[in-house]
Amino acid sequence: MKKLLLDIYYVWINELKVVFRDPAVILLFFIVPLAYPVLYSFIYNNEVAHEVKVIVVDDSHSALSREFKRKVDATADVKVVGYAADMEEAREALRRKEAYGIMYIPGDFSQKINTQRQTSVSLYADMSSLLFYKAMMLSATEVSLDMGADIRVAETGGGSQEEEATTRQTVESEWVVLYNTQNGFASFFVPAILILIIQQTMMLGIATIIGTHNDKKRFTIASHTSEGKNVGALKLTIGKAFCYASLYMLISAWVLRVVPYIFKFPQIGDPFTIATFLMPFLLAATFFGMTLSYFCSQREFGMLLFVFTSVIFIFISGISWPWTAIPAPIQSIANIIPSTPGIHGFVKINTMGATLRDVWPEYITLWIHSAVYCLTAVLMYKWWIQNYDPKYKGMPIK
């Protein structure tokens, strides 16, 4: 047992030396996780967009269409900055960044309303920011509901104030925003991004280390003790994983606690519960990264292999699109990626105040990921040494 722990400790310390001797790994392990969360949080720090510039194409030219435009312009989130004769002129205004959205009112807008038929208003948003779309959609929806209530009152022929109030709103509704008190984009989306940043930067750093070994044909540092004895695939894998995970314990404190505190994102979760939940996530992400990194035959290949997956991982995680609306085959793929249960569990604990018992399925899933990817990392290490180390090529590695 003592020999096992000593070998793992040697690999751990030796891998720390490898990390701190490589400027690229230091950049990916430390500088990027420190700076990128701040940058991403700063971009969305406004939470909501106000006075979004909109240009109107009104083919109706009726009193009702003018009322609709006036009420939309009166909302806090939209500002009508001009009118266009047709859609092509409006699109040109968007291309020149004179406006960030188009509101199109069809020619039969007033006719359909006066004949008690449903009409529509089309909205086109500059998707350089989702906040533009949200501001336009909410403003137009509120105005359409308000005008619809006025039309219902007019059709009933009037009455007392109480009767008109009942006609306008048969069922009273009240908005109660849970967890996201500012109803902002960053408060629900950035916490998920922070978890993904931890996983992806770790994968990039590990891939750079493995790619460097392959470029320089340098394997003795990774696979042997100071006495020249082979430490074995399992001990090497565990030692390297403990090295990366221990570093990211410190990085996670900055990414998941300090950055949200600076930008005042919701944080109602218990820090001890978050730390307990992060233990299997960091191990799972480490072993997952190690498994995939052995495919990196060159130092720069990790950037090509992993960077583009960030967008895919966030979309299939179920945070930006309802999890229940994601097809089952894609859910199955998402469930084998550590960031998926990591995002679900962290958001529940940090933003919703869940306990460890509430996120038990995600917690157990991450431990399963840790065990499975530890095994795959060991097997990939054996394959890696046999195929890339000239000294051991074709020989069995213990």
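Residues numbered from 1 in each chain as written. Predicted model: local features only at pLDDT ≥ 70, side-chain atom pairs only at ≥ 80, totals over all residues. Heavy atoms only, no water.

### Re the nonpolar core
Which entries qualify depends on this criterion: We call a set of buried residues a nonpolar core when its members are Ala, Val, Leu, Ile, Met, Phe, Trp, Tyr or Cys and they connect through side-chain atoms within 4.5 Å of each other. Here's how the labels work: a residue is buried when its accessible area is under 20% of the maximum for its type, exposed when over 50%, partly exposed in between, all with a 1.4 Å probe on protein chains only. Each helix corresponds to a stretch of at least 4 residues labelled H or I by DSSP, and each strand to a stretch of at least 2 residues labelled E; elements are numbered beginning at the N terminus. Whether two residues are in contact is decided by their heavy atoms, any of which lying within 4.5 Å being enough.
Among the nonpolar cores identified, the biggest contains 97 residues, and Val19 and Phe29 are the most heavily contacted of them. Top contributing element to this core by residue count: helix α8 (residues 185-216), with 18 residues. If we ignore the near neighbours within four places in the chain, the residues touching Phe29 are Val19, Thr201, Met202, Gly205, Ile206, Tyr244, Leu247, Tyr248 and Ile251. Judged by nonpolar contacts, the second largest core, of 9 residues, contains Ile55, Ala84, Ala90 and Ala93.

### Here we look at the environment of Val307
Structurally, Val307 can be placed in the loop between α12 (301-306) and α13 (309-316). Exposure remark for Val307: the relative accessible area of 40% places this residue in the partly exposed category. Along the backbone, Val307 and Gln200 are 107 residues apart, and their C-alpha atoms lie at a distance of 7.5 Å. If sequence neighbours within four positions are ignored, Val307 has contacts with Leu204 and Gly302.

### Re the sheet that holds strand β4 (residues 122-125)
As a reminder, the rule being used: By this definition, two strands are paired if DSSP reports at least two bridges between them. Orientation is described by lines fitted to C-alpha atoms, with helices fitted over the stretch in contact, and by angles between N-to-C directions that extend from 0 to 180 degrees.
Reading across from one edge, β2-β1-β3-β4 is the order of the 4 strands in this open sheet, with mixed pairing throughout. If you trace the sheet from one side to the other, it starts and ends with β2 (78-83) and β4, each paired once. Adjacent strand axes in the sheet meet at a mean angle of 30°, parallel and antiparallel pairs treated alike. By the bridge criterion, 5 bridges tie strand β1 (residues 52-58) to strand β3 (residues 101-105) in an arrangement that is parallel. Looking at the pairing, Ile55 lines up with Ile102 of β3. Along the sheet, helix α4 (residues 87-95) makes contact with β1, β2, β3 and β4, crossing β3 at roughly 165°.

### Things to note about the packing of helix α2 (residues 23-43) against helix α10 (residues 233-262)
Stated precisely, the cut-off is as follows: What sets the label is the angle itself: under 35 degrees gives roughly parallel, over 145 gives roughly antiparallel, 65 to 115 gives roughly perpendicular, and the rest give oblique. Helix crossings are classified by the rotation of the near helix relative to the far one: an anticlockwise turn of less than a right angle makes the crossing left-handed, while a clockwise turn makes it right-handed.
With their axes 10 Å apart at the nearest point, α2 and α10 run at an angle of 15° to one another. The pairing of α2 with α10 is recorded here as roughly parallel in orientation. Judged by the twist between their axes, the crossing of α2 over α10 is right-handed. Together, Leu28, Phe29, Phe30, Pro33, Leu34, Pro37, Val38 and Ser41 of α2 and Tyr244, Leu247, Tyr248, Ile251, Trp254, Val255 and Val259 of α10 make up the contact between the two elements.

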